[in-house]
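Working through the structure, step by step
The chain contents come next:
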Amino acid sequence: MPYSEQLHWKAHNEAPKAGISKRAFETDFKGQWYSEYDALSSLQEILHQLYSKDVPWWTLRNESLIGLVHYPVTASVDEWSDELLRLDQLVNEGFQSKWLRQRAELLGRTPPSNFGSLKLIEECLLGVQFEQADVSALTEAPRELHHLRSKMKGHAAGQEAIAIRKRLLDEHGSLKSHFVSLCQRCDESIRAISKAFDEHLL
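Residues numbered from 1 in each chain as written. Predicted model: local features only at pLDDT ≥ 70, side-chain atom pairs only at ≥ 80, totals over all residues. Heavy atoms only, no water.

1. Quick notes on the packing of aromatic side chains
Under the criterion given, the structure shown has 4 aromatic pairs. Each ring, one from Trp57 and one from Phe197, has its centre 5.0 Å from the other, and the planes form 55°; the classification is tilted. Placement of Trp57 in the loop between α3 (39-53) and α4 (65-68) and of Phe197 in helix α10 (residues 175-200) is noted, with a sequence separation of 140 residues between them. By relative accessible area, which is 0% here, Phe197 ends up buried. (Phe/Tyr/Trp six-rings, centres within 6.5 Å; stacked < 30°, edge-to-face > 60°. Helix = DSSP H or I, 4+ residues; strand = E, 2+ residues; numbered from the N terminus. Buried < 20%, exposed > 50% of the residue type's maximum accessible area, 1.4 Å probe, protein only.)

Shown next as structure tokens:
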């Protein structure tokens, strides 16, 4: 490009409005593979593997969901709560309650009719002699995700939602940091549940 044209376009440059992620810098600018752990990518990967293997206890309700979940970029509460909704749809709405209930009953458990999928996962694991504290820990992150989704998106935001956001900001520093942490915990949870099911239930 001629130098005069470079000067022309330089005159229209704007200062960056936001930073660039390390991942984007390495892949987009340096043309290198990104090898560091990324919580959301890892979670998306294990869920895609479960879907590809056609496991009976989880399915992908909508194939586009995996690509729709992203980290919140700004400090916007609406952006964060929208991503919580999509993450919950991806993770929790994929659990197959009918199969989980039947499996729990085959293992001698009698789950109440109002038990949702996460409680049914616990019932299945209790049926193969897992300890209550261990199964509660396995489902803690998906349960927190669903709770946040219901408080932030399912109801009109009130004082409880404000108090929850304040607590999360105090703990994590930003809503994005909280979202990253929640993705990591959900990733660990899904991988641990998958391992337990593979070893004891399937």
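Once the structure has been displayed, the description carries forward.
2. Regarding the nonpolar core
Counting residues in hydrophobic clusters, the biggest one holds 48 residues, and the most contacted among them are Leu47, Trp57, Leu87 and Phe197. Looking at this core, the elements that each hand over two or more residues are α3, α4, α5 (77-91), α6 (97-106), α7 (117-127), α8 (132-154), α9 (159-172) and α10. Residue contributions to this core peak at 9 residues, all from α10. If sequence neighbours within four positions are ignored, Phe197 has contacts with Trp57, Trp99, Leu100, Ile121, Cys124, Leu125 and Leu202. (Core = buried A, V, L, I, M, F, W, Y, C linked by side-chain atoms within 4.5 Å. Contact = heavy atoms within 4.5 Å.)

3. Thoughts on the pattern of salt bridges
Evaluation of the coordinates by the stated rule reveals 13 salt bridges. A salt bridge links Glu123 to Arg109, with the nearest nitrogen and oxygen atoms 2.9 Å apart. Here Glu123, found in helix α7, pairs with Arg109, found in the loop between α6 and α7; they are 14 residues apart in sequence, far enough to count as distant. One salt-bridge network, held together by shared partners, links Glu45, Asp187 and Arg191. (Salt bridge = Lys/Arg side-chain N within 4 Å of Asp/Glu carboxyl O.)

4. A look at unusual backbone geometry
A positive phi is found at Asp54, a non-glycine position, where the angle reads about 55°. Structurally, Asp54 can be placed in the loop between α3 and α4. A positive phi angle, close to 75°, is found at Gln129, a residue other than glycine. Note that Gln129 resides in the loop between α7 and α8. Classification of Gln129 by relative accessible area gives exposed; the value is 66%.

5. Description of the packing of α9 against α10
Closest axis-to-axis distance for the α9/α10 pair is 8 Å, and the angle between their directions is 80°. The orientation of α9 relative to α10 falls into the category roughly perpendicular. Mapping the contact onto sequence places Leu168, Leu169 and His172 in α9 and Leu175, Ser177, His178 and Ser181 in α10. The residue makeup of the contact of α9 with α10, split by class, is 3 nonpolar, 4 polar and no charged. (Axes fitted to C-alpha atoms, helices over the stretch in contact; angles between N-to-C directions. Parallel < 35°, antiparallel > 145°, perpendicular 65-115°, else oblique. Nonpolar A, V, L, I, M, F, W, Y, C, P; charged D, E, K, R; others polar.)

6. Let's talk about α5
Since the α-helix turns once every 3.6 residues, residues separated by three or four places project in the same direction. Under the 1.5 Å per step criterion, the end-to-end length of α5 is 21 Å for 15 residues, consistent within 8% with the ideal 21 Å. Every buried residue of α5 is accounted for by Trp80, Ser81, Glu83, Leu84, Leu87, Asp88, Leu90 and Val91. Sitting at the head of α5, Ser76 places a side-chain oxygen 3.2 Å from the backbone nitrogen of Asp78. (Expected span 1.5 Å × (residues − 1). Polar contact = N/O pair within 3.5 Å; in protein donor to acceptor, adjacent residues only side chain to side chain.)

7. A closer look at the side chain of Asp88
Residue position: Asp88 is located in helix α5. In this structure Asp88 comes out as buried when scored by relative accessible area, which is 0%. Of note is the side chain of Asp88, whose polar atom sits 3.1 Å from the side chain of His146. Non-local contacts of Asp88, meaning those with residues more than four positions away in its chain, are made with Glu93, Leu145, His146 and Arg149.

All we've got here are geometric facts, nothing functional implied.
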